[in-house]
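So you can see what is in the structure, the chains are spelled out below.
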Amino acid sequence: MDLKSSPVASPLAGHYRPPGDKSVSHRLALLSALAKGTSHVRGFLDSADTIATAVATEALGARIEWTRTPQGFDLVIEGGDLHAPQAPLDFGNSGTGIRLMAGLLAGLGSHPKFTNQCIQLTGDASLSRRPMMRIVEPLQALGGDIDASHGCAPLFVRPRQLSGQTQTLKVASAQVKSAILLAALNASGETRVIEPAPSRDHTERLLQAYGVEVDRISETEVSVFGGQTLESGVFEVPGDISSAAFVMAAGLLVPGSDIVLEHVGLNPTRDGILRVIDAMGGAFDVRVDARSTGEPIGTIAIKSASLKGHGIPPEWVPLAIDEFPIIMGMAALAEGETSIVGAEELRVKESDRLALMCSELLKLGVDVEETSDGALVRGGRVKGGVVECGGDHRIAMTFAVLGLVAQSPITIRDAHWMQTSYPGFVDDLNRLGAQLEWLA
Ligand code: S3P
């Protein structure tokens, strides 16, 4: 379905609560399935990606009671008694789901219900193009028996008894780190992961919330001993700062806007967007209100501002990895130049985000140049027009935000891909005063 986003006549205003964090929701489904006993997960994200992961755990024997709430779902998960699934596990569009599940399954070889089983993990066309050797190789190094067809999904996992090891990663990737840490839970001895730069640390925090001892040696080095048991419990999902980023951008860009974002996850390994907004001259106040399930949760009050272009240093890239489509969108309307470097990982997300953002911004008259590891965006005006989102939820939402301040409406083709992470995006933005309209 196509979406039309039209310039707004008045400011955006109001209170807003983002949907549950996608990364945390995936992990809570997986860890609750592993933990013996009953876990309660509050505010689980209602999205295609996270539902795919939870349904995969059901196919492995976790019993889930789903209750719909205004915040997504409350789940009651009976875990700890898993078995091999009857059919391939389908993760749809979700890189996090398939990679973390591969790690979790790889080490279950000493479990009688997994011996001599081969489990197939599949996904949609986009997921089947994304690189999987980044998890296959480290899992094989631990003694895992896992194959990828031509380096991509489908994956074939034959659970084995693993031995702990030190793994030094080439890219700062929380998905790779987490796949290894989940495998390490069932490996003998110690497994260490060393990253080139800090990546999001939800897995470390959540493992600790389930009673696992995690040695956080430094910001880039973590160690876990195998053979530990996970304890079930009550867990809360913070609001997703990556979803909130679109609303923050809308508030900054639409003149006169004033929005209060509540219950936002403020994990310091996820807050790169706040550093970028600050560097671009954005006006906001942020405060931590609570800590829940190991994660800081807080309020961000944001007002419109005249943004200025800024160089984004490479060390901020992993801390804002999912926010680059909207950062490029803000840069298109900022005064001066924004340069992005060291961001080649963006080429292997749900789409090649560097190529697609540049091609679609060009269609709207933006002065943008793609480089091998980033882009140069020279801000100015954004014209109306028709853009493609390439099946990428974050690109669809970025152009929906730009339509609010473009010279004429922007139509985003196949924008229904937003359901990957944020099915309520259109309703939430319209409640704040936007004019987004689904076209038949
Ligand atoms: C995620 C990690 C990031 C991010 C993705 C979710 C996670 O990927 O882009 O949307 O939940 O661990 P990488 O760790 O591969 O950069």
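These numbers come from a predicted model, not from an experiment. Position numbers for residues start from 1 in each chain and track the written sequence from start to end. The predicted origin of the model limits local features to residues at a pLDDT of at least 70 and limits the giving and counting of side-chain atom pairs to 80 or more, whereas totals for whole chains, interfaces and linings rest on all residues. Side-chain metrics in this entry use all non-hydrogen atoms of the structure; hydrogen atoms and water are not considered.

## Points about helix α9 (residues 324-333)
Moving on, step 1. The buried count for α9 comes to nine of 10 residues, which makes it a mostly enclosed element.
Moving on, step 2. Buried residues are those whose accessible area, probed at 1.4 Å on protein chains only, stays under 20% of the maximum for their type, while exposed residues exceed 50% and partly exposed ones sit between those limits. Secondary structure is summarised from DSSP: a helix means a run of H or I of at least four residues, a strand means a run of E of at least two, and numbering begins at the N terminus for each. Buried within α9 we find F324, P325, I326, I327, M328, G329, M330, A331 and A332.

## So, the site of the ligand
Moving on, step 1. Definition of nearness: a residue and a molecule or strand are near each other if at least one heavy atom of the residue lies within 4 Å of the molecule or strand. Neighbouring the ligand are K22, S23, R27, T96, S173, A174, Q175, R200, I321, D322 and K349.
Moving on, step 2. Pairs of N or O atoms within 3.5 Å make up the polar contacts considered here, provided that, within protein, one atom can donate a hydrogen while the other can accept it, and that residues adjacent in sequence are counted only when both atoms are side-chain atoms. A distance of 2.7 Å is found between an oxygen atom of the ligand and a backbone nitrogen or oxygen belonging to A174.
Moving on, step 3. The backbone of Q175 places a nitrogen or oxygen atom 3.0 Å from an oxygen atom of the ligand.
Moving on, step 4. Contact with the protein chains covers 96% of the free accessible surface of the ligand, which is 380 Å². Accessible areas in this description were obtained via Shrake-Rupley with a 1.4 Å probe; residue shielding takes into account the shown protein chains only.

## Digging into the pairing of strand β8 (residues 145-149)
Moving on, step 1. The alternating pattern of β8 places I146 and A148 on a buried face and D145, D147 and S149 on a face that is not buried.
Moving on, step 2. Pairing between β8 and strand β9 (residues 152-158): five bridges, direction antiparallel. The residue bridging D147 from the neighbouring strand is F156, located in β9.
Moving on, step 3. By this definition, two strands are paired if DSSP reports at least two bridges between them. Connecting β8 to the antiparallel partner β9 that follows it, the hairpin turn spans two residues, and H150 within it adopts a positive phi of roughly 50°.

## Some details on unusual backbone geometry
Moving on, step 1. Each neighbour pair has its own omega, and for A153 with P154 the value is 5°, a cis peptide bond.
Moving on, step 2. Mapped onto the fold, P154 is located in strand β9.
Moving on, step 3. Phi at N116 is positive, roughly 60°, even though this residue is not glycine.
Moving on, step 4. Note on placement: N116 falls in the loop between α3 (95-106) and β7 (119-122).
Moving on, step 5. You will see that H150, though not glycine, has its phi angle at about 50°, which is positive.
Moving on, step 6. Note on placement: H150 falls in the loop between β8 and β9.
Moving on, step 7. On the accessibility criterion, H150 (83% relative accessible area) is exposed.

## Some words on the sheet that holds strand β17 (residues 258-265)
Moving on, step 1. Read from one edge to the other, the open sheet built from four strands follows the order β2-β17-β19-β18, with strand pairing classed as mixed. A single partner strand is all that each edge strand has here, and the edge strands are β2 (13-16) and β18 (283-292). Across the sheet, the axes of successive neighbouring strands diverge by a mean angle of 15°, strand direction being ignored.
Moving on, step 2. In this sheet, β17 lies alongside β2 in parallel orientation, the contact comprising four bridges. Counterpart to H15 in the pairing with β17 is V260. Axis definition: a line fitted to C-alpha atoms, over the contacting stretch in the case of helices. Angles run 0 to 180 degrees between N-to-C directions.

## Quick notes on the environment of N267
Moving on, step 1. Topologically, N267 is positioned in the loop between β17 and α8 (272-279).
Moving on, step 2. Exposure remark for N267: the relative accessible area of 2% places this residue in the buried category.
Moving on, step 3. The spacing of N267 and I297 is 30 residues in sequence and 7.8 Å in space, taken between C-alpha atoms.
Moving on, step 4. Once you skip the residues sitting within four places of it in the chain, N267 turns out to touch D201, H202, R205, E295 and P296.
Moving on, step 5. Within the structure, N267 has its side chain in polar contact with the side chain of H202 (distance 3.5 Å).
Moving on, step 6. Polar contacts involving the side chain of N267 include one to the side chain of E295, which spans 3.0 Å. Any pair of residues with heavy atoms lying within 4.5 Å of one another is described as a contacting pair.

## Details of the domain arrangement of the protein
Moving on, step 1. Either an automatic procedure or a domain database provided the assignment from which the domain bounds are taken. You can read the domains of the protein as domain 1 (2-20 + 238-439) and domain 2 (22-224).
Moving on, step 2. Computed over C-alpha atoms only, the centres of domain 1 and domain 2 are separated by 28 Å.
Moving on, step 3. Contacts between domain 1 and domain 2 engage 30 residues on the former and 29 residues on the latter.
Moving on, step 4. Two parts placed together each lose some accessible area under a 1.4 Å probe, and adding up what both lose gives the buried area. Contact between domain 1 and domain 2 buries roughly 2200 Å² in total, counting both sides, with carbon and sulfur atoms accounting for 50%.

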